[in-house]
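# Understanding the architecture of this molecule
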Amino acid sequence: MELKTVKDIEVRGKKVLVRVDFNVPLKDGVITDDTRIRAALPTLQYLLDQGAALIVMSHLGRPKGERKPEYSLSPVAERLGELLGREVKMAPDCVGPEVERMAEALTPGEVLLLENVRFHKEETSNDPDFAKKLASLGEVYVNDAFGSAHRAHASTEGVAHLLPAAAGFLMEKEVKFLSYVLENPEKPFVAVIGGAKVSTKIGVLESLLSKCTAMVIGGGMAYTFLKVQGHSIGNSLYEEESADTARSFLEKAGELGVEVILPEDHLVASEFSEQAKAEYVDAVDIPEGKVGMDIGPRTVEKACARIRGAKTVVWNGPMGVFEFPAFAEGTRKVAEAIAECKGTTVVGGGDSVAAANAFGVADKMTHVSTGGGASLEFLEGKPLPGIEVLKK
Ligand code: ADP
Ligand code: MG
């Protein structure tokens, strides 16, 4: 997939409207993690170096079309100013006469941050007049908000039809690695899929099945697969409504000759709780009354052996309840094996990325996606509205 990027368009001396993902976590008005702001810096810095004036826009949280002060982007303006080493002006809104005046007065090298676009319900409904108002502020549109690319909103999709549009460097990098996984992954290609639910991951399982050499299925979703194979799973997570899907998925994998690695041993607990004691079950079957919480060491070893020998690995979804220290080992070991793998390694999914960060291996991956929902939909093979409009 080839995108038009900032390098393909003329930005010198222009007013560039840049959509970024500044949806940062805040606690009492203080930014607790500025990763998303830092992720947009290469694009913003490049545009400034080219002599552009920047009108930056983002959403923050879910104010649902209302002006709610706790969702103001002003703390972000301050932090962005520190990181760029220049003043960032904060607009009182994202549209309207006052904002138009501020945008009009901008000179090359200046930065204006618009207020939360989701203070207007017209943002999420992709209202054409609202998109027109946003577009009128700039001459060129750059989208670097990969994390919002699966939404057809005014600031992510609508404006792209109204101005010359291009992808920023972050968007370009995300698309490069995620489409590598879908389009021409070097084999052996191992997909490691976990997380809580079959229903949220079946799209990605099916999309990757025809492309991968082996698939590791762990996490809470694995027990539905074990159950349809006839195993007992005790009180582990089970999705009745996904049983047929799981069954036909396993059949299809068999037909395609894709190796599916499911848990062969487990760490279980008597109840789903952080205080619960971890007990080892050295068998596929889980005793009655026990809850499967993590993959066991034999399963870990088998999965890691495949991962170490892979040329491409994609990881989406933890192998167990990694938030509870007693059940984090499976996810940690798998994450470490992916980090050590010499091939191309791509991690997507909010919780998987959090796990990779918690285990200190995120910087050893080839690519860690900044978009949870967006990366999942991309890997499912769905067209993302914010990306479709940036294609060459
Ligand atoms: P991602 O955000 O990486 O896509 P998911 O949101 O699909 O991942 O799943 C993450 C959640 O799955 C975690 O909160 C984790 O605790 C949960 N999980 C993993 N294994 C189990 C399990 N055996 N039982 C219940 N929940 C699990
Ligand atoms: Mg999640």
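All of these numbers come straight from a predicted model, not from anything done at the bench. (Residues numbered from 1 in each chain as written. Chains lettered and ligands numbered in written order. Predicted model: local features only at pLDDT ≥ 70, side-chain atom pairs only at ≥ 80, totals over all residues. Heavy atoms only, no water.)

### Things to note about the UniProt feature "binding site: (2R)-3-phosphoglycerate" (unreviewed entry) in the protein chain
According to UniProt, the feature "binding site: (2R)-3-phosphoglycerate" (unreviewed entry) maps to Arg36, Arg118 and Arg151 in the numbering used here. The annotated residues contributing to the lining of the largest cavity are Arg36. In this fold, Arg36 is placed in helix 1 (residues 35-49). In this structure Arg36 comes out as partly exposed when scored by relative accessible area, which is 31%. Contact partners of Arg36, with chain neighbours within four places excluded, come to Asp21, Phe22, Asn23, Val24 and Thr370. A distance of 2.7 Å separates a polar atom in the side chain of Arg36 from the backbone oxygen of Asn23. By the element assignment, Arg151 lies in the loop between strand 7 (140-143) and strand 8 (165-167). For Arg151, a relative accessible area of 34% corresponds to the partly exposed category. (UniProt positions renumbered as here; feature names shortened; annotations may be inferred. 1 Å grid on protein atoms, 1.4 Å probe; cavity = no way out; pocket = protein on both sides within 12 Å on 5 of 7 lines; lining within 4 Å. Helix = DSSP H or I, 4+ residues; strand = E, 2+ residues; numbered from the N terminus. Buried < 20%, exposed > 50% of the residue type's maximum accessible area, 1.4 Å probe, protein only. Contact = heavy atoms within 4.5 Å. Polar contact = N/O pair within 3.5 Å; in protein donor to acceptor, adjacent residues only side chain to side chain.)

### Observations concerning the layout of surface pockets
By volume, the largest pocket amounts to about 860 Å³. Lining the largest pocket are 38 residues, and of these Asp33, Thr35, Arg36, Val353 and Thr370 sit closest to its centre. Sorting the residues of the lining of the largest pocket by element identifies helix 1, helix 6 (169-183), helix 12 (350-358) and strand 17 (367-368) as the ones contributing at least two each. A domain split of the lining of the largest pocket shows at least three residues from each of domain 1 (6-170) and domain 2 (177-379). (Points joined across faces, edges and corners; volume = space filled by probe spheres on them. Domains from an automatic or database assignment.)

### Points about the pairing of strand 16 (residues 344-347)
Here strand 16 shows two buried faces, one formed by Thr344 and Val346 and the other by Thr345 and Val347. Bridge analysis of strand 15 (residues 312-316) against strand 16 gives four bridges, and the strand direction is parallel. Bridge assignment links Val313 to a residue of strand 16, and that residue is Thr345. Handedness of the strand 15-helix 11 (residues 329-340)-strand 16 crossover: right-handed. Relative to strand 17, strand 16 is paired through two bridges, and the arrangement is parallel. If you follow Val347 over to strand 17, its bridge partner there is Val368. (Pairing = 2+ DSSP bridges. Right-handed = clockwise from strand over helix to strand, strands pointing away.)

### Points about the sheet that holds strand 13 (residues 279-281)
Backbone hydrogen bonds hold the strands of a sheet together, and the pairing may be parallel or antiparallel. Reading across from one edge, 13-12-14 is the order of the three strands in this open sheet, with antiparallel pairing throughout. Bordering the open sheet on either side are strand 13 and strand 14 (291-295), each of which pairs with just one other strand. Ignoring which end each strand starts from, the neighbouring axes of this sheet average 40° apart. Across four bridges, strand 12 (residues 266-269) lies against strand 14 in antiparallel orientation. Across the sheet, residue His266 finds its bridge partner in strand 14, namely Ile295. (Axes fitted to C-alpha atoms, helices over the stretch in contact; angles between N-to-C directions.)

### Considerations on the site of ligand 1
Lining the immediate environment of ligand 1, one finds 20 residues, of which Lys201, Gly292, Glu323, Asp351 and Ser352 sit closest. Separating a nitrogen atom of ligand 1 from a backbone N or O atom of Gly320 is a distance of 3.5 Å. The backbone of Gly350 places a nitrogen or oxygen atom 3.3 Å from an oxygen atom of ligand 1. Protein chains bury 84% of the 590 Å² of accessible surface belonging to ligand 1 in isolation. Counting atoms within 2 Å of the grid points, the majority share of ligand 1 lands in the second largest pocket. Every element with two or more residues in the shell around ligand 1 is listed here: strand 14 and helix 12. Examining the composition of the shell around ligand 1, we find that three residues originate from one element, helix 12, more than from any other. For the shell around ligand 1, the residue count by class is seven nonpolar, 10 polar and three charged. (Near = heavy atom within 4 Å. Areas by Shrake-Rupley, 256 points an atom, 1.4 Å probe, with all protein chains shown as cover. Sits in = over half its atoms within 2 Å of the grid points. Nonpolar A, V, L, I, M, F, W, Y, C, P; charged D, E, K, R; others polar.)

### Brief notes about the packing of aromatic side chains
Under the criterion given, the structure shown has four aromatic pairs. For the ring pair Tyr46 and Phe169, a centre distance of 5.2 Å and an interplane angle of 80° mean the geometry is edge-to-face. With a gap of 123 residues between them, Tyr46 in helix 1 and Phe169 in helix 6 connect regions that are remote in the sequence. On the numbers, 5.4 Å between centres and 55° between planes, the contact of Phe272 with Phe324 is tilted. Of the two residues, Phe272 is situated in the loop between strand 12 and strand 13 and Phe324 in the loop between strand 15 and helix 11; the sequence distance between them amounts to 52 residues. Judged by its relative accessible area of 54%, Phe272 falls in the exposed class. Given the relative accessible area of 14%, Phe324 is considered buried. Sitting above the plane of the Tyr238 ring, Lys227 keeps its charged end 4.9 Å from the centroid. (Phe/Tyr/Trp six-rings, centres within 6.5 Å; stacked < 30°, edge-to-face > 60°. Lys NZ or Arg CZ within 6 Å of the ring centre and 35° of its normal.)

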